[in-house]
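Architecture and fold: a report
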Amino acid sequence: MILDSDGEVAGRGATEPAGGRHAEIVALDEAGTRARGGRAIVTLEPCNHTGRTGPCTQALLAAGIVRVDYLFADPFELASGGANSLASAGVEVHGPYLPHPSQAAPWTPVQGVEAWLRGVKNKRPYVILKLAATMDGRVAASDGSSQWITGAAARGHAHARRAQVDAILVGTGTVEADDPKLTARDDSGQPLPKELQPLRVVMGNRSIPEDAAVMQQPGETFLARSHDVHQVLAQLHSRGVVTVLVEGGPSVAAAFMNAGVVDEINYYCAPAVLGAGFNAMDGSTLEMGRTIQDLQRFRPREIQILGNDICWVLTAGEKG
């Protein structure tokens, strides 16, 4: 956000898709000449290098900004140093106001930029594990039937979440058993615009039929020929994926938990008991649970009532 010299909002901006303008540039373009003598309030420390776009520090200086406030320091070594560069040029600089999310307290409101910051730090996408289960943790009955455990409101919420992430991932077993589209759809079941469709990722070595729903339009599909979670995440990271929503079955869920890479869980809980059937995670492959010290704790961030169902948003905590 750009304030003019009188403290009035002159421009607002959000970073455009990869290769597009950074938030500072969008806001400066909107502010025009009103930016001179004004103040920039930004989420991330202005970048200080030339990549797909030029350095935001130079754009702020050229526009005549006299003060910059930023929430988080840039963890990306190549782009960091913007605050020092601005201060050296005589700009009044304040920040960072909050620590990196990996050091932040559970209540710190860092959701908006957290995925990108964690991705830079971990050199992999931010992993969101989606689970939809009964109160006793079942995702399917003993005969394999699974639709629908949660109601329409929860399913609509999950589709909206799909539209917010860069990629959605399942295993070849899910494709074989359910033939899912893996598209983001509206309440009437129609696909959202192509630019809101996540990259569809199928993990595993089994072949996928060309007429499988996941291979059809709209959207792009990437076949990750591996069972190694770290290898798959490295492939996605190299493609520029920042957030990946894991919607696979019990084996895939267990694989991501075993790998220790789950940053967030979106847990849709139906007020129902199935009794027997398949668990949300495949206990036979989980490398935990031998002792109570294996307990993986998550921090509650958000809870929503969706029709008769509940959605918990949980972030990674500590073991034991």
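Residues numbered from 1 in each chain as written. Predicted model: local features only at pLDDT ≥ 70, side-chain atom pairs only at ≥ 80, totals over all residues. Heavy atoms only, no water.

Under the annotation held in an unreviewed UniProt entry, the protein carries the name Riboflavin biosynthesis protein RibD and is attributed to Corynebacterium resistens.

When helices and strands are tallied, the protein shows eight helices and 15 strands. The principal-axis extents of the C-alpha atoms in the protein amount to approximately 70 × 45 × 40 Å. Looking at the protein alone, contacts between residues at least 24 apart form 67% of all its contacts between residues at least 6 apart. Entry remark: accessible area of the protein is about 16,300 Å², with carbon and sulfur atoms responsible for 51%. One finds the centroid of the 28 positive side-chain charges in the protein at a distance of 2 Å from the centroid of its 35 negative side-chain charges. (Helix = DSSP H or I, 4+ residues; strand = E, 2+ residues; numbered from the N terminus. Contact = heavy atoms within 4.5 Å. Areas by Shrake-Rupley, 256 points an atom, 1.4 Å probe, with all protein chains shown as cover. Lys, Arg positive; Asp, Glu negative; His and termini not counted. Charge placed at Lys NZ, Arg CZ, Asp CG, Glu CD.)

This part takes up the packing of helix α1 (residues 23-31) against helix α2 (residues 56-63). Two numbers describe a pair of packed helices, the interaxial angle and the distance between the axes. Remark: α1 packs on α2, axes separated minimally by 9 Å, with the N-to-C direction vectors making an angle of 20°. One way to sum up the angle between α1 and α2 is to call them roughly parallel. For the pair α1 and α2, the crossing hand works out as left-handed. From α1, E24, I25 and L28 reach across to α2, where they touch C56, A59, L60 and A63. Looking at side-chain class alone, the contact of α1 with α2 contains six nonpolar, no polar and one charged residues. (Axes fitted to C-alpha atoms, helices over the stretch in contact; angles between N-to-C directions. Parallel < 35°, antiparallel > 145°, perpendicular 65-115°, else oblique. Left-handed = near helix turned anticlockwise from the far one by under 90°. Nonpolar A, V, L, I, M, F, W, Y, C, P; charged D, E, K, R; others polar.)

With that out of the way, let us pick up helix α7 (residues 229-238). Count 3.6 residues to each turn of an α-helix, and residues three or four apart come out pointing the same way. All of the buried residues along α7 are V229, V232, L233 and L236. The buried residues of α7 occupy an angular sector of 95° when projected down its axis, which confines them to one face. The secondary structure elements touched by the buried residues of α7 are β6 (126-134), β8 (167-171), β9 (199-203), β10 (221-224), β11 (243-246) and α8 (250-258). Sitting at the head of α7, D228 places a side-chain oxygen 2.9 Å from the backbone nitrogen of H230. At the C-terminal side of α7, G240 shows a positive phi close to 85°. (Buried < 20%, exposed > 50% of the residue type's maximum accessible area, 1.4 Å probe, protein only. Arc of directions from axis to C-beta. Polar contact = N/O pair within 3.5 Å; in protein donor to acceptor, adjacent residues only side chain to side chain.)

Moving on: the UniProt feature "binding site: Zn(2+)" (unreviewed entry) in the protein. In the numbering adopted here, UniProt assigns the feature "binding site: Zn(2+)" (unreviewed entry) to H22, C47 and C56. Maximum C-alpha separation among the annotated residues is 9.1 Å over a sequence range of 35 residues, consistent with a single clustered spot. Secondary-structure assignment places C47 in the loop between β3 (39-44) and α2. Inspection of the secondary structure puts C56 in helix α2. (UniProt positions renumbered as here; feature names shortened; annotations may be inferred.)

Moving on, we get to the pattern of salt bridges. Two side chains that carry opposite charge are able to pair once their charged atoms sit near each other. On inspection of all chains with the given rule, the structure shows 12 salt bridges. A salt bridge links E16 to R21; its shortest N-O distance comes to 2.7 Å. Its relative accessible area of 29% is what places E16 among the partly exposed residues. Exposure remark for R21: the relative accessible area of 32% places this residue in the partly exposed category. Two residues, E247 and R162, come together in a salt bridge whose shortest N-O distance is 2.9 Å. One end of the pair, E247, is in the loop between β11 and α8; the other, R162, is in helix α5 (residues 152-162), with 85 residues separating them in the sequence. Neither residue differs from the other here; E247 and R162 are each classed as buried. (Salt bridge = Lys/Arg side-chain N within 4 Å of Asp/Glu carboxyl O.)

Now for the environment of G54. The topology assignment puts G54 in the loop between β3 and α2. Residues G54 and P209 lie 155 residues apart in sequence; the distance between their C-alpha atoms is 44 Å. Aside from chain neighbours lying at most four places away, what touches G54 is C47 and H49.

A few words on the nonpolar core. Ranked by size, the top nonpolar core spans 33 residues in total, and within it L129, L169, L236 and F256 carry the most contacts. Those elements giving two or more residues to this core turn out to be β6, β8, β9, β10, α7, β11, α8 and β12 (264-270). Top element by residues in this core is α8. It accounts for five residues. Excluding its chain neighbours within four sequence positions, the residues that come into contact with F256 are V127, L169, M203, V229, L233, V246, V261 and V262. (Core = buried A, V, L, I, M, F, W, Y, C linked by side-chain atoms within 4.5 Å.)

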